[in-house]
Amino acid sequence: MTDAKSPQARKTILLTPGPLTTSDATRAAMTRDWGSRDADFIDLTARVRKRLEAICNAAPSHTCVPIQGSGTFAVEAMIGTLVPKEGRLLVACNGAYGQRIAAIAARLGRAVFKVEGPEDRPTDLVRLEQAIADHQPTHLAAVHCETTSGVRNPIDDIAALARREKISLLIDAMSSFGALPLDCDALGCAAIAASANKCLEGAPGLAFVIARTSDLERSKGQAPSVSLDLHDQWRGLQANGQWRFTPPTHVLAALDSALEQFIAAGGQVARLARYSENCNTLISGMRAAGFETFLRDEDQAPIIVTFRVPNDPAFSFDAFYDALREIGVVIYPGKITDAETFRIGCIGAIGKSDMSYALDAVSAVLNKLGLRSGGSAC
Ligand SMILES: *Cc1c(COP(=O)(O)O)cnc(C)c1O
């Protein structure tokens, strides 16, 4: 289905970490208006929550609390609501999103500690265990796929460690939810935060936290924010099925449609298979064009790939980006602290033919810019 329409017929392919390419059906779901108090909108909200819960085996221990805004809003709501004032949060950092969690916790006035590792490596369990011994945290925050580099962190092992140490685990699964397996029951995590517009292929503007119900119950009055209070948002939904404040009606309808397509296509397993094929096509094509990946293959999640900028003074990322953009392929700048890189995403309503189109576009642009390859041997 994804490949039915030629990429050339589309205006743009977004090979970014989100917002990303959505399907025609998902965009079409946004053409009607909804009254936020209507019974059918209340049903829509309940259905989306259930479908999100099903993806990570949430019920009956965990429940989905949607929140207006981008993914960071959900992360901030999760930290603010679930880490109490007297709590101690340890953040496993190997990229910008882990650093962002630590910055959020500090801003919220929570005691926060970081265990920092290199951006090109998954979180090191030995160092994490040592940091737990050093800081005695009540909560641990981890990023599943660190979108900064595209590295996949060992979330099952991190969760096992948190269970053993009896620490509440808060997971930022923004760029993995729906694509990589996540099982609330098996992980025993306190909460998972994610958003509509990454691997679920919805429109941006809606995020959610899937939290342990007993933790939500205990968190009344804990959040230092009114709008980002997950406990109150949850209680509001429980009371009458309605959102406390203006819901992103069209975005929710788009997500409902995207989830229906997700289920029809075979759920998380099928999504992972499609993204893996996209990722393999991308990496082998870019290597053939002379580019080098930043990560080792075994650490790479099939979500977004970081490439090193060619060691050629003639290469300019802006010129490369603009020339690709002109022919309908949108890539992303790098975010690595101490290496010159750029990123190309594998996620969105795209398939192998889109990746091949993008690779052809890269070759055409290298030629146009007078670069012989993506490598240093020019
Ligand atoms: C995209 C992303 C976020 C949130 O980003 P927003 O721009 O606020 O939607 C947080 N964590 C990770 C790992 C992400 O990939």
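## Describing the layout of surface pockets
Turning to step 1, where the next piece is worked out: What the second largest pocket holds in volume is close to 310 Å³.
Turning to step 2, where the next piece is worked out: Of all the secondary-structure elements, those providing two or more residues to the lining of the second largest pocket are α3 (71-82) and α4 (96-107).
Turning to step 3, where the next piece is worked out: Tallied by class, residues from the lining of the second largest pocket come to 10 nonpolar, 10 polar and four charged.

## Re the packing of aromatic side chains
Turning to step 1, where the next piece is worked out: Taken as a whole and judged by the stated rule, the model has 11 aromatic pairs.
Turning to step 2, where the next piece is worked out: When the ring of F177 is compared with that of F208, the centres are 5.1 Å apart and the planes differ by 75 degrees; the resulting orientation is edge-to-face. Taken as a pair, F177 in the loop between β8 (168-172) and α7 (184-187) and F208 in strand β10 (residues 206-212) lie far apart in primary sequence, 31 residues in all. As far as burial versus exposure is concerned, F177 and F208 are alike and both buried.
Turning to step 3, where the next piece is worked out: One aromatic cluster is present, formed by F291, F307, F315, F317, F320, Y321 and F342 through successive ring pairs.
Turning to step 4, where the next piece is worked out: Looking at R32, its charged tip hangs above the ring of W34, at a distance of 3.7 Å from the centre.
Turning to step 5, where the next piece is worked out: Above the face of the Y97 ring, K198 is positioned so that its terminal group lies 5.6 Å from the ring centre.

## Looking at the pattern of salt bridges
Turning to step 1, where the next piece is worked out: This structure, assessed with the given rule, holds 16 salt bridges.
Turning to step 2, where the next piece is worked out: Residue R32 pairs with D40 through a salt bridge whose shortest N-O separation is 3.5 Å.
Turning to step 3, where the next piece is worked out: You can call R32 partly exposed: its relative accessible area is 38%.
Turning to step 4, where the next piece is worked out: Note that R212 and D215 form a salt bridge whose closest N and O atoms lie 3.3 Å from each other.
Turning to step 5, where the next piece is worked out: Overall, R212 belongs to the partly exposed group, its relative accessible area being 24%.
Turning to step 6, where the next piece is worked out: Linked by salt bridges that have partners in common, R47, R51, D256 and E260 make up one network.

## Side note on the state of the cysteines
Turning to step 1, where the next piece is worked out: Tallying each qualifying case throughout the model produces zero disulfides.
Turning to step 2, where the next piece is worked out: The structure places no disulfide on C199, whose sulfur is separated from the nearest cysteine sulfur, that of C145, by 7.7 Å.
Turning to step 3, where the next piece is worked out: With no disulfide of its own, C346 lies 3.9 Å from the sulfur of C279, the closest cysteine sulfur.

## Some remarks on the environment of E260
Turning to step 1, where the next piece is worked out: In this structure, E260 sits in helix α10 (residues 249-264).
Turning to step 2, where the next piece is worked out: Of the residues examined, E260 reaches a relative accessible area of 47% and is grouped as partly exposed.
Turning to step 3, where the next piece is worked out: For the pair E260 and V48, spaced 212 residues apart in the sequence, the C-alpha separation amounts to 9.5 Å.

## Section: the site of the ligand
Turning to step 1, where the next piece is worked out: Contacts to the ligand come from S70, G71, T72, Y97, R100, V143, C145, T147, D172, M174, S175 and K198.
Turning to step 2, where the next piece is worked out: K198 is positioned such that a nitrogen or oxygen atom in its side chain is 2.7 Å from an oxygen atom of the ligand.
Turning to step 3, where the next piece is worked out: Computed on the free molecule, the ligand has an accessible area of 390 Å², of which 86% lies beneath the protein chains in the complex.
Turning to step 4, where the next piece is worked out: More than half of the atoms of the ligand fall within 2 Å of the grid points belonging to the second largest pocket.
Turning to step 5, where the next piece is worked out: Residue assignment for the shell around the ligand shows that the elements contributing at least two residues are α3 and α4.
Turning to step 6, where the next piece is worked out: When the residues that make up the shell around the ligand are grouped by side-chain class, the tally is four nonpolar, five polar and three charged.

## Considering the packing of helix α2 (residues 39-55) against α10
Relative placement of two packed helices is described by the angle separating their axes and the distance separating the axes.
Turning to step 1, where the next piece is worked out: Between α2 and α10, the least distance of the axes is 10 Å, while the angle of their chain directions is 45 degrees. When the interaxial angle is binned, α2 and α10 end up oblique. The way α2 lies across α10 gives a crossing that is left-handed. Contact residues: F41, L44, T45, R47, V48, R51, L52 and I55 in α2; T249, L252, A253, L255, D256, L259, E260, F262 and I263 in α10.
Turning to step 2, where the next piece is worked out: For the contact of α2 with α10, the per-class residue count stands at 11 nonpolar, two polar and four charged.

What counts as what
Residues numbered from 1 in each chain as written. Predicted model: local features only at pLDDT ≥ 70, side-chain atom pairs only at ≥ 80, totals over all residues. Heavy atoms only, no water. 1 Å grid on protein atoms, 1.4 Å probe; cavity = no way out; pocket = protein on both sides within 12 Å on 5 of 7 lines; lining within 4 Å. Points joined across faces, edges and corners; volume = space filled by probe spheres on them. Helix = DSSP H or I, 4+ residues; strand = E, 2+ residues; numbered from the N terminus. Nonpolar A, V, L, I, M, F, W, Y, C, P; charged D, E, K, R; others polar. Phe/Tyr/Trp six-rings, centres within 6.5 Å; stacked < 30°, edge-to-face > 60°. Buried < 20%, exposed > 50% of the residue type's maximum accessible area, 1.4 Å probe, protein only. Lys NZ or Arg CZ within 6 Å of the ring centre and 35° of its normal. Salt bridge = Lys/Arg side-chain N within 4 Å of Asp/Glu carboxyl O. Disulfide = S-S within 2.5 Å. Near = heavy atom within 4 Å. Polar contact = N/O pair within 3.5 Å; in protein donor to acceptor, adjacent residues only side chain to side chain. Areas by Shrake-Rupley, 256 points an atom, 1.4 Å probe, with all protein chains shown as cover. Sits in = over half its atoms within 2 Å of the grid points. Axes fitted to C-alpha atoms, helices over the stretch in contact; angles between N-to-C directions. Parallel < 35°, antiparallel > 145°, perpendicular 65-115°, else oblique. Left-handed = near helix turned anticlockwise from the far one by under 90°. Contact = heavy atoms within 4.5 Å.

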